[in-house]
Amino acid sequence: MKNQLEDLPNELLWLILEYIPSIDLFVAFFNLNQRMNTILRSIHFHLNLQYINKSQYDYYLHTILPNIESNWIISLRLDDITNHLESIKTSKYLRSLTIHHLRTESIDYLAKEILPDLKQLKYLSLHSEYLLKDDDIKSLSKVIFNNEMSSLTYCYLAFQDFGCMNFNHLDRGKQNLSLKTLILDQWCRLNDFIQLLHFIPNIRRLTVRLSYINPKGVIIPSLMAINDFSVLVPHLIYLRAKLSQISFVTATKILFLRLPTQLRELSLSTWSIEYTDGDQWQTILSSRFPHLQHFRLIISLDRIPLNHPIATNTDLDNIVKSFNQSKYFLDRHWNVLININERDRLKFVLHTIPYPIENFQTTLYNIRRCTSSSSMIQSAYTNVTKLTLTLHDNLSSVIDNSNEYRNFSRVEELTFLSNLSNDCQQFFSNDYFQNLQTIVNLSTITSLSFPEETHQYPLQLINLLLKNLIQLHSLTLSHRLYVCLKPQLISSLKMLTLIFTIYSSISPSATSIRHLLPANLILTNDSIIELVETLATTNLQTLTLLVRELGVFDEQFSDWLENHFTKKENISYDLLLNDKIVRFHF
């Protein structure tokens, strides 16, 4: 095999070796011979440093980086772990950069010391689930939108827990002329959204969340200053927006009737029943957007409005007919489907087919659907990669699920919410799991989550999932559930997140809180030491400990962590005080 490989010409070896992960590639071929070392130095590297342990990262720093040409590192993916962002500075010729778990402490450094030097960067994707400071976000947005990244064509900012973005601090005289695609997975007020358009004149594809809080329902005159957004974004052909607290009338006046007429795709999601009138949509779309090729709509309600007539199937059918029996929608194959389930957290969901986005929440049973075509239902959820299922009592229909036609074939992240009563012994875990297998392709799932630490989850169902999810590398659940699991069920995990209700520096038995909560929901210094020592010897790469409610991590806790873990050779940690999170990296 060795001789056969070395008989290949260099050009073919380059193509083959670029498909092998960089760390595995170097471990296998570095210093094999002089020719192979020369080839390794001239490969285009697409480096993925996510889900690697501390020793692998050290190997990357001290063996790989010194032996490759920095201008051949094309793309880089990594987590914001202590000192990891420093490695970006050695790769100034990057075309693509993706950072996950971005901390607010790192944003200002990233914005001022790293991003301006990446002159050839075309693709930037930043993700954070943590609390972020307003000043840090302003520093970052200034670099992106005031043309300090002149090669950037694609930007994705996913900041889940940050407030509303604004752009008042930006210099109106500086625009990002290169940006073609922008995804702001973050809230913007309507006036801030209009202001944003001034800084991205060449944008073609835009995704954003929009809100408009006006108790009196009066449209502010300044929002109507520009009659046609084509003046600001003449090349915009795709808009995807999530609308919150915006009435249909307001959205029509401020947004829909001012979007560029050359729009090719409009994708909207909202929590308002006002958007369910197909006749009104036909009037707007047919008159404003003659070139529209795709219209996507999601309406989700956590309660059914008392003053709206959707109590019966007839009422629901009338909503569906306003779309599905309209010649305008029929000619374009823009069909809608309604799911009703009183037991779910989301009681009402109307959506176009296929379901437009990657996130979908539902239950496995007891759903009323207003559509007659089983084939239409079966193909409706091909875009879903993040599926949330709500567990509930009274699964009498679990025995006969013959009318279930849905199919989720591409799910990567599976989350369970729980409406179960305190007695999980009555839950039909085996039957539920069998039906789950017929609806969801379990072979693609890499992440599993049970995020509600004080709610009840059936342990038997968790065990069945852990035994059968062959690609699973990430698990999130309460510490209370974790202590009930057998070690072999989690031996292949790369990431484990354990949720606690409160933190106490001393043992629960020595405090008054022992009367309020089970001990296994209380994070203590002793339990941290025990968890780290136990899991450091497994295949785990990242352990995250999260406190949801009472108690905070303070400077005293920070000092304690430093005294106990700084000198550990194969363990590093990150402490996020505001988020009440500590992460250990093995």
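Everything discussed here concerns the structure shown above.
Throughout, a residue's number is its position along its own chain's written sequence, starting from 1. Where totals are concerned, whole chains, interfaces and linings use all residues; where local detail is concerned, this predicted model gives features only for residues with pLDDT of at least 70, and gives and counts side-chain atom pairs only at 80 or more. Derived side-chain values reflect all non-hydrogen atoms in the structure, with water molecules and hydrogen atoms excluded from consideration.

Chemist: Explain the overall build of the protein residue by residue, including any values.
Modeler: Helix and strand labels come from DSSP, where a helix needs a run of H or I of at least four residues and a strand needs a run of E of at least two; each type is numbered from the N terminus. Check the secondary structure of the protein and you find 18 helices and 25 strands. For 586 residues, the compact-globule estimate of 2.2 N^0.38 gives 25 Å, and the C-alpha radius of gyration of the protein, at 26 Å, lies within 12% of that figure. Taken over the C-alpha atoms alone, the protein extends approximately 70 × 60 × 55 Å along its principal axes. The contacts of the protein with a sequence gap of at least 6 include a subset with a gap of at least 24, amounting to 73%. Computation of the radius of gyration draws on C-alpha atoms alone. For the globule rule, the value is 2.2 Å times the number of residues to the power 0.38. Contacts were defined at the residue level, with two residues in contact if any of their heavy atoms lie within 4.5 Å.

Chemist: Can you lay out the sheet that holds strand β23 (residues 542–547) for me, pointing to particular residues and giving the numbers?
Modeler: With mixed pairing, nine strands are arranged side by side in an open sheet as β14-β16-β17-β18-β19-β20-β23-β25-β24. Every other strand in the sheet has two partners, leaving β14 (359–362) and β24 (572–576) as the edge strands with one partner each. Shown here is a sheet whose adjacent strand axes are inclined to one another by a mean of 15°, direction ignored. Any two strands with at least two DSSP-identified bridges between them are counted as paired. Sheet topology note: the strand β17 (residues 413–418)/strand β18 (residues 447–449) ladder contains three bridges and is parallel. Bridge assignment links Glu-413 to a residue of β18, and that residue is Ser-447. Strand contacts of helix α18 (residues 555–565): β24 and β25 (581–585), with the helix running at about 175° to β24, the strand carrying the most contacts. Structural elements are reduced to axes, namely lines fitted to C-alpha atoms, with helices fitted over the stretch in contact, and the angle between N-to-C directions of any two is expressed from 0 to 180 degrees.

Chemist: Requested: an account of the packing of aromatic side chains, with residues and values cited.
Modeler: Any two rings among Phe, Tyr and Trp, with Trp reduced to its six-membered ring, count as a pair given centres within 6.5 Å; such a pair is stacked if its planes are under 30 degrees apart, edge-to-face if over 60, and tilted if neither. Within the structure shown, the criterion is met by 33 aromatic pairs. Aromatic side chains Tyr-328 and Phe-329 sit 5.4 Å apart centroid to centroid with 90° between the ring planes, which places their arrangement in the edge-to-face category. Per-residue accessibility, obtained with a 1.4 Å probe over protein chains only, is compared with the maximum for each type, and a residue is labelled buried under 20%, exposed over 50%, and partly exposed between these values. For Tyr-328, a relative accessible area of 9% translates into the label buried. When the centroid spacing of 5.2 Å and the interplanar angle of 80° are considered together, the rings of Phe-450 and Tyr-457 count as edge-to-face. The pair formed by Phe-450 and Tyr-457 is uniform in burial state, with each residue classed as buried. By the ring-pair criterion, three or more aromatic residues cluster together here, those being Phe-248, Phe-256, Tyr-275, Trp-281, Phe-295, Phe-323, Tyr-328, Phe-329 and Trp-334.

Chemist: Give me the pairing of strand β9 (residues 238–244): which residues, what numbers.
Modeler: Most of β9 sits out of view: five of its seven residues are buried. Sheet topology places strand β8 (residues 205–211) next to β9; seven bridges connect them, and they run parallel. Of the residues in β9, the one forming a bridge with Thr-207 is Arg-240. Sheet analysis places β9 next to strand β10 (residues 265–270), joined by six bridges and oriented parallel. Within β10, the residue paired with Tyr-238 across the bridge is Glu-265. Handedness of the crossover joining β9 and β10 through helix α9 (residues 248–254): right-handed. When the strands point away from the viewer and the path from the first strand over the helix to the second turns clockwise, the crossover is right-handed.

Chemist: Which residues make up the pattern of salt bridges, and what values do they have?
Modeler: Between Lys or Arg on one side and Asp or Glu on the other, a salt bridge is scored when a side-chain nitrogen of the former is within 4 Å of a carboxyl oxygen of the latter. On inspection of all chains with the given rule, the structure shows 13 salt bridges. Notably, a salt bridge pairs Asp-80 with Arg-103, separated by 3.3 Å at the nearest N-O pair. Highlighted residues: Asp-80 in the loop between β2 (73–79) and β3 (96–100) and Arg-103 in the loop between β3 and α6 (104–114), separated in sequence by 23 residues. Like Asp-80, the residue Arg-103 is buried in the burial classification. Residues Arg-288 and Asp-228 are paired through a salt bridge, measuring 3.5 Å at the closest nitrogen-oxygen approach. Highlighted residues: Arg-288 in helix α10 (residues 278–288) and Asp-228 in the loop between β8 and β9, separated in sequence by 60 residues. On the basis of relative accessible area, Arg-288 is assigned to the buried category, the value being 16%. Taken together, the shared-partner salt bridges connect Asp-80, Arg-103, Asp-574 and Arg-583 into one network.

Chemist: How would you summarise helix α11 (residues 313–324) if you had to cite specific residues and measurements?
Modeler: Expected span, for any helix, means 1.5 Å times one less than how many residues it has. Look at α11: 15 Å from first C-alpha to last across twelve residues, which is about the 16 Å you get at 1.5 Å a residue. Considered for burial, the residues of α11 that qualify are Leu-316, Ile-319, Val-320, Ser-322, Phe-323 and Asn-324. Against the buried residues of α11 lie α10, β11 (294–301), α12 (327–332), β12 (336–340), β13 (348–352) and β15 (368–369).

Chemist: Quick rundown of helix α17 (residues 525–535)? Include the residues and the values.
Modeler: Those residues of α17 that sit buried are Asn-525, Ser-527, Ile-528, Leu-531, Val-532 and Leu-535. The buried residues of α17 occupy one face: seen down the axis, they fall within an arc of 160°. Exposed side of α17, more than 90 degrees from the buried face: Asp-526, Glu-530 and Glu-533 are the residues found there. Here, the arc refers to the directions that run from the helix axis to the C-beta atoms.

Chemist: Report on the pairing of β11, specifying residues and quantitative values.
Modeler: Burial runs high along β11: seven of the eight residues are buried. Of the pairings in the sheet, the one linking β10 to β11 comprises six bridges and is parallel in character. Residue pairing in the sheet places Ser-269 in a bridge with Ile-298 of β11. Taking the sense of rotation as the criterion, the β-α-β connection linking β10, α10 and β11 turns out right-handed. Looking at chain direction, β11 and β13 are connected through four bridges and run antiparallel. Paired with Ile-298 across the two strands is His-351, which belongs to β13.

Chemist: Give me the nonpolar core: which residues, what numbers.
Modeler: In this text, buried Ala, Val, Leu, Ile, Met, Phe, Trp, Tyr and Cys residues form a nonpolar core when linked through side-chain atoms within 4.5 Å. Ranked by size, the top nonpolar core spans 110 residues in total, and within it Leu-97 and Trp-281 carry the most contacts. Ignoring any residue separated from it by four or fewer positions in sequence, one finds Leu-97 in contact with Leu-76, Leu-78, Ile-88, Leu-115, Leu-118, Leu-121, Tyr-123, Leu-124 and Ser-125. If you look at the next biggest cluster of nonpolar residues, it comprises 72 residues, including Tyr-381, Leu-436, Leu-545 and Val-582.

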